[in-house]
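These are the residues of each chain, in order.
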Amino acid sequence: MAVAKESPPARTRADETHSVNWGEAIIETLIKAAGISTIFIIALIFFFLLREGIPAFLDIPLRQLFGPRWYPIEGIYGLLPLLVGSLMVTVGAVVIALPLGIITAIYLGEIAPLWLREILKPIIEILAGIPSIVLGFLGWVVLAPLVQNLGAPTGLTAFTGSLILAYMSLPTIISISEDALYAVPKEYRDGALAIGATQWQTIWRVVVPAARSGMVIAIMLGIGRAIGETMAVMMVTGNASNIPPLSPGMFFQPVRTMTATIAAEMGEVAQGTLHYNTLFAIGIVLFVISFAINSVAGRLVGVKGTRRERHGAQL
Amino acid sequence: MRMKFVLSASLVLLCLGLLNGCAGRSAAAAAGSKTGRAIQNKGSDTMVNLALAWAEAYRQVKPDVAIAVTGGGSGTGIAALINGTVDIANASREMKESEIADAQKNGIDPIEHVVAVDALAIIVNQANPVSQLTIDQLSDIFTGRVTNWQDLGGNDEPIILVSRETNSGTHVYFLEEVVRKGDKENKDVFAPQTLLMPSSVGITSEVQRNPRAIGYDGLGYVDPAHEKLIAVAKDGSSPFVQPTVATGADGSYPISRSLYMYTDIDSNSAIDDYLAWIRGPNGQQIVANLGFVPIPKE
Amino acid sequence: MSRQQTHRLAMIVITLVAAIAVIPIVFVIGYVVWNGISAISWAFLTEAPRTGMTEGGIMPAIVGTVILIFGTAIVSMPLSIATAVYLAEYAHDNRLTRYIRLAIVNLAGIPSIVYGLFGLGAFVLFMGFGTSIVAGSLTLGIMTMPVVISTAEEAILGVPQQFRTVSLSLGATRWQTIRYQVLPHALPGILTGLILGLGRAAGETAPILFTVAAFYLPELPGSVFDQTMALPYHLYVIATQVPGMPLSIQYGTALVLLLIVLSLTLTATIVRTQMRRRREW
């Protein structure tokens with residue numbers, strides 16, 4: 001029986017893709033797996049830190065673990081001096097870097113002529129790229145003797161560390177503050193100037209307050225960067241497990257940070273000893289602190305999702 | 001496409017680099033160390049320059065034996081020996097009972113070799129008027145019981161204490177013999193504000209530039225042209241003795257100690273040969289050249 | 001003080017403060033160049049150190065850093081680009097994606113010494129690689145991921161949607177579209193991020209302290225399971241642990257490290273500007 005012959009069905013997309021479907025499916029699965037990989041990696045890092053660090057929390061009574069003296073070769077594992085050391089250096093760094101960074105951002109964004117901006121911005125970018133060991137080296141060779149000549153009993157102090165850390169955090173603070181200032185609508189400035197305010201009054205009373213939330217993020221990321229720094233502080237803070245007594249000169253005393261402790265002592269420990277476990281425990285503390293800071297900062301930035309927050313508190 | 005060129009060029013470079021190394025590795029394999037590559041020598045920072053000088057000199061004697069040298073402190077070297085990742089551990093202190101036990105648990109039986117003797121010098125800044133101290137005074141200083149130079153006949157300045165990190169054999173030796181005056185029951189420790197420097201060089205650097213600093217260092221690291229060496233007396237009635245190679249050798253200087261190299265009892269002949277060479281006249285000449293004290297003749 | 005006077009005073013103070021922020025940067029670079037340039041010579045760059053490292057060159061450290069740069073790229077690139085493709089092309093706006101982004105932000109913020117601990121625990125000990133180029137590259141590679149992921153994602157998102165829609169309407173599959181239309185156009189942006197990340201990794205000391213770095217090796221590494229010397233660690237060692245180390249060699253080493261890191265950053269910037277200029281949209 002003669003059936004009206006249809007032309008063969010046009011090759012549809014489904015037909016063509018059937019042949020590549022398997023390869024494609026595999027690739028897409030791999031991509032999806034890669035997508036979750038970052039979560040997996042963070043979990044892995046935390047897992048390994050816990051694996052090696054938990055014994056310290058279990059074997060050392062908490063009162064001793066947070067005691068005032070760190071002297072591992074005699075079995076004294078008090079973390080307090082290390083926490084204080086990291087805290088002092090970080091607070092000092094933020095106190096120096098915050099005004100320095102915000103004001104520089106104001107200068108760049110509101111005052112500097114365009115040609116000057118084009119020169120200064122790359123210079124600040126360069127600072128972000130200088131390896132911490134180079135800054136630490138200069139701190140040891142140039143800055144520490146300077147601090148000593150200024151009258152400190154020694155050049156290796158919390159202040160020296162704070163100063164270097166402040167400069168290392170500057171690029172982050174400047175760029176976040178710049179973004180925040182830039183985001184303030186032009187109308188705010190125009191309005192203020194229109195009613196007769198000087199440029200300074202405009203900046204100080206209108207623009208800066210509007211950019212406040214961005215600056216909070218800047219503080220958090222600056223703190224995160226400062227707490228995590230190792231080599232630069234190791235070379236200039238003197239590494240004394242010391243809790244300086246509360247006094248005006250307390251920042252000119254030597255201190256020992258958590259990061260420097262790990263770096264200085266990890267090489268010497270035999271695997272599985274309590275000292276080894278305690279160093280990993282310090283790592284856990286650092287991880288938790290940076291996790292807390294970054295999560296809060298990340299949430300503050302929220303939907304905006306600027307590039308800055310993904311670079312986080314930098315390396 | 002340009003990208004493909006860059007990628008393939010990089011791959012080629014990487015392969016060349018690896019291939020280049022393969023030639024080097026067969027030479028290292030001939031050295032026949034336990035880890036299948038160069039002899040791994042790690043540990044005491046006091047000894048690291050000595051170890052480096054030995055390794056370089058031995059290269060002339062046996063060119064196909066390669067020796068990799070790392071510092072890190074006596075504790076680091078001993079830990080590596082216990083972990084089985086190093087062939088020779090340098091230590092400026094003896095291994096503790098607990099460390100030997102840990103090693104044996106891992107199947108490693110450490111053998112101790114004395115390779116040199118080191119006088120421990122007490123150094124202060126050239127501008128410091130103080131020139132002699134007893135061990136009691138040193139103990140008071142480093143535990144923080146005395147905090148101002150004027151209590152020792154010096155200027156009215158705070159004393160800045162400079163020490164090695166806790167992983168240093170020198171640190172441990174100083175703790176036991178000077179801070180605790182050799183008393184096993186003594187539980188004194190360094191004052192908390194003691195600066196802990198990563199190496200012997202750190203100590204001399206700080207002492208050189210800080211008029212208030214006092215530190216301790218192996219004789220091989222101090223230079224009377226840059227630091228002032230303190231004459232030390234064992235107690236109130238003994239004479240004050242300057243640290244020199246001679247006073248270290250004849251025992252009149254009260255703080256001197258042996259320097260050790262530890263190996264596993266199962267180490268191969270290349271390692272044994274190296275150690276024998278170190279303890280022989282050529283190795284010991286290098287010891288003297290670097291300012292350490294050669295092993296006293298029995 | 002009148003408003004005008006306050007304004008003028010404020011302007012002066014602000015400019016001064018900005019100067020305090022910027023001038024030391026110029027000083028740092030200038031100082032290192034000034035003191036280090038005398039040490040730089042062909043011999044310095046190609047010879048091995050001698051005489052307890054107080055003489056000779058820093059070639060093994062330079063080679064080691066180059067090797068680690070390659071290793072970091074090999075580890076970081078595939079995983080980071082795949083993650084970026086996932087985030088840009090496949091991910092939905094759901095909780096999982098939020099967690100992934102949180103993870104990336106946190107990876108970026110982890111202190112470098114904690115990466116060193118992780119590398120020690122996971123690669124050196126657990127996986128048994130020992131202190132080796134493999135362990136170091138894995139550690140540095142993971143550390144570089146956040147930077148590469150975020151730049152790659154931005155580059156991919158930057159490719160106009162029309163490219164995708166036209167490709168799909170012509171019958172290509174999703175993956176074919178990505179592979180032939182999106183990725184090639186995003187490649188310069190991805191490369192920018194990668195090179196930027198490599199520049200940071202090259203200058204890092206803490207992650208390589210217990211995973212790969214060696215004080216002195218008599219010869220270059222023979223395989224990826226060997227240790228290697230590296231510039232950041234070398235600078236640390238010669239600045240703090242070698243007696244009689246001439247200052248010029250210390251500055252010279254710092255200068256070489258600085259040049260390598262900054263030239264990588266510069267390359268990334270050049271790639272980015274070239275890409276903007278040659279963009280077809």
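Numbering of residues starts from 1 in each chain and follows the order in which that chain's sequence is written. Note on labels: chains are lettered from A, ligands numbered from 1, in written order. The predicted nature of this model means local features are confined to residues of pLDDT at least 70 and side-chain atom pairs, given and counted, to a pLDDT of 80 or more, with totals for whole chains, interfaces and linings taken over all residues.

By the criteria applied, helices consist of DSSP H or I runs no shorter than four residues and strands consist of E runs no shorter than two, each listed in order from the N terminus. What chain B contains, in helices and strands, is 10 helices and 11 strands. Exposed residues have 12 or fewer other C-beta atoms within 10 Å of their own C-beta, buried residues have 20 or more, and partly exposed residues fall in between, where C-beta atoms are placed from the backbone. Here chain B holds 298 residues, and 49% of them are scored as buried.

With that settled, the discussion passes to the overall build of chain A. Scanning chain A from N- to C-terminus turns up 13 helices and 2 strands. Across the 315 residues of chain A, 53% fall into the buried class. Each residue gets a C-beta atom placed from its backbone, and two residues are in contact if those atoms lie within 7 Å. Considering only intrachain contacts with a sequence separation of at least 6, the fraction spanning at least 24 residues in chain A is 73%.

Once that is clear, we can look at the pairing of strand β4 (residues 110-124) of chain B. All names here are of chain B. A pair of strands is treated as paired once DSSP finds two or more bridges between them. As defined by bridge partners, β4 adjoins strand β11 (residues 256-264) across 9 bridges and the pair is classed as antiparallel. Counted as the bridge partner of A119 is S256 from β11. Sheet topology note: the β4/strand β8 (residues 213-218) ladder contains 5 bridges and is antiparallel. Residue pairing for β8: L120 is matched across the bridge by G218.

Packing of helix α5 (residues 132-149) of chain A against helix α10 (residues 231-240) of chain C leaves a shortest axis separation of 10 Å and a crossing angle of 15°. One finds that α5(A) runs roughly parallel with respect to α10(C). In this structure, the crossing between α5(A) and α10(C) has a hand that is left-handed. In this structure, α5(A) uses I133(A), F137(A) and W140(A) to contact α10(C), whose residues at the interface are P232(C), L235(C), Y236(C) and A239(C). The residue inventory of the contact of α5(A) with α10(C), partitioned by class, reads 7 nonpolar, no polar and no charged. Helix axes are fitted to C-alpha atoms over the stretch in contact, other axes to C-alpha atoms as well, and angles between N-to-C directions run from 0 to 180 degrees. Comment on the angle field: the value is read as roughly parallel under 35 degrees, roughly antiparallel over 145, roughly perpendicular from 65 to 115, and oblique elsewhere. By convention, the crossing between two helices is left-handed when the near helix turns anticlockwise from the far helix through less than a right angle, and right-handed when the turn is clockwise. Any residue that is not Ala, Val, Leu, Ile, Met, Phe, Trp, Tyr, Cys, Pro, Asp, Glu, Lys or Arg is counted as polar, Gly included; the first ten are nonpolar and the last four charged.

It is worth spelling out unusual backbone geometry at this point. Not every positive phi belongs to a glycine, and N239(A) is a case in point at roughly 55°. A positive phi angle, near 50°, is found at K181(B), a position not held by glycine. Secondary-structure assignment places K181(B) in the loop between α6 (169-179) and β7 (195-197).

For the rest of this paragraph, the subject is the pairing of strand β1 (residues 39-43) of chain B. Within a regular beta strand, the side chains point alternately toward one face of the sheet and then the other, so they alternate between its two faces. All names here are of chain B. Most of β1 is tucked away, with 5 of its 5 residues classed as buried. Residues I39, N41 and G43 point to one face of β1 and Q40 and K42 to the other, with burial holding for every one of them. The pairing of β1 with strand β2 (residues 67-72) spans 5 bridges and is parallel. Residue pairing across strands places Q40 opposite A68, the latter belonging to β2. Seen with the strands pointing away from the viewer, any crossover whose path from the first strand over the helix to the second strand runs clockwise is right-handed. Crossover handedness for the path β1 to helix α2 (residues 48-61) to β2: right-handed. Here 3 bridges tie β1 to strand β3 (residues 88-91), and the two strands are oriented parallel to one another. The residue of β3 that forms the bridge with K42 is A89.

Let's shift gears to α6(B). For α6(B), the buried fraction is high: 9 of the 11 residues fall into the buried class. Looking at α6(B), one finds that the buried residues are G169(B), T170(B), H171(B), V172(B), Y173(B), F174(B), L175(B), V178(B) and V179(B).

This part covers the interface of chain C and chain A. Chain C puts 77 residues into the contact, and the matching count from chain A is 77 residues. In terms of residue count, helix α1 (residues 3-36) of chain C provides more of the side of chain C that touches chain A than any other element does, 20 residues in total. The class makeup of the residues in the side of chain C that touches chain A is 56 nonpolar, 17 polar and 4 charged.

Another point: helix α11 (residues 258-265) of chain A. Counting buried positions along α11(A) gives 8 out of 8 residues, so the element sits mostly inside the fold. Taken residue by residue, α11(A) has M258(A), T259(A), A260(A), T261(A), I262(A), A263(A), A264(A) and E265(A) as its buried positions.

With 88% of its residues at a pLDDT of 70 or more, chain A has an overall mean of 84. The pLDDT value tells you how sure the predictor is about a given residue, anywhere from 0 up to 100. Counting interchain partners and residues more than four positions distant, the pLDDT-below-50 stretch residues 303-315 of chain A has 41 contacts.

Residues and elements named next belong to chain A. Remark: helix α3 (residues 80-111) packs on helix α6 (residues 158-183), axes separated minimally by 6 Å, with the N-to-C direction vectors making an angle of 35°. With respect to the hand of their crossing, α3 and α6 are arranged in right-handed fashion. In terms of residue class, the contact of α3 with α6 is made up of 21 nonpolar, 8 polar and 2 charged.

The next point concerns the environment of L219(B). Residue and element names in this part refer to chain B. Relative to the assigned elements, L219 resides in the loop between β8 and β9 (228-229). For L219, a count of 23 C-beta atoms within 10 Å puts it in the buried group. The contacts of L219, once residues within four sequence positions are left out, are D118, A119, A121, P243, G248, G291 and F292.

Another aspect to go through is the environment of H275(A). All names here are of chain A. Tracing the chain through its elements places H275 in helix α12 (residues 274-301). For H275 and G75, which are 200 residues apart along the polypeptide, the C-alpha to C-alpha distance reads 8.0 Å. Among all residues touching H275, those that are not within four sequence positions of it are P72 and V269.

What follows is about the environment of A152(C). Residues and elements named next belong to chain C. Checked against the element boundaries, A152 lands in helix α6 (residues 133-158). Judged by C-beta crowding, with 28 C-beta atoms within 10 Å, A152 ranks as buried. For the pair formed by A152 and I190, sequence separation is 38 residues and the distance between their alpha carbons is 4.4 Å. Non-local contacts of A152, meaning those with residues more than four positions away in its chain, are made with S80, I81, A84, I190 and G193.

Now for the confidence of the model for chain B. Detailed reading of the predicted model is not advised wherever pLDDT is low. Per-residue confidence for chain B averages 84 on the pLDDT scale, and 87% of its residues sit at or above 70. On the interface metric, ipTM, the complex scores 0.90, and its pTM is 0.86.

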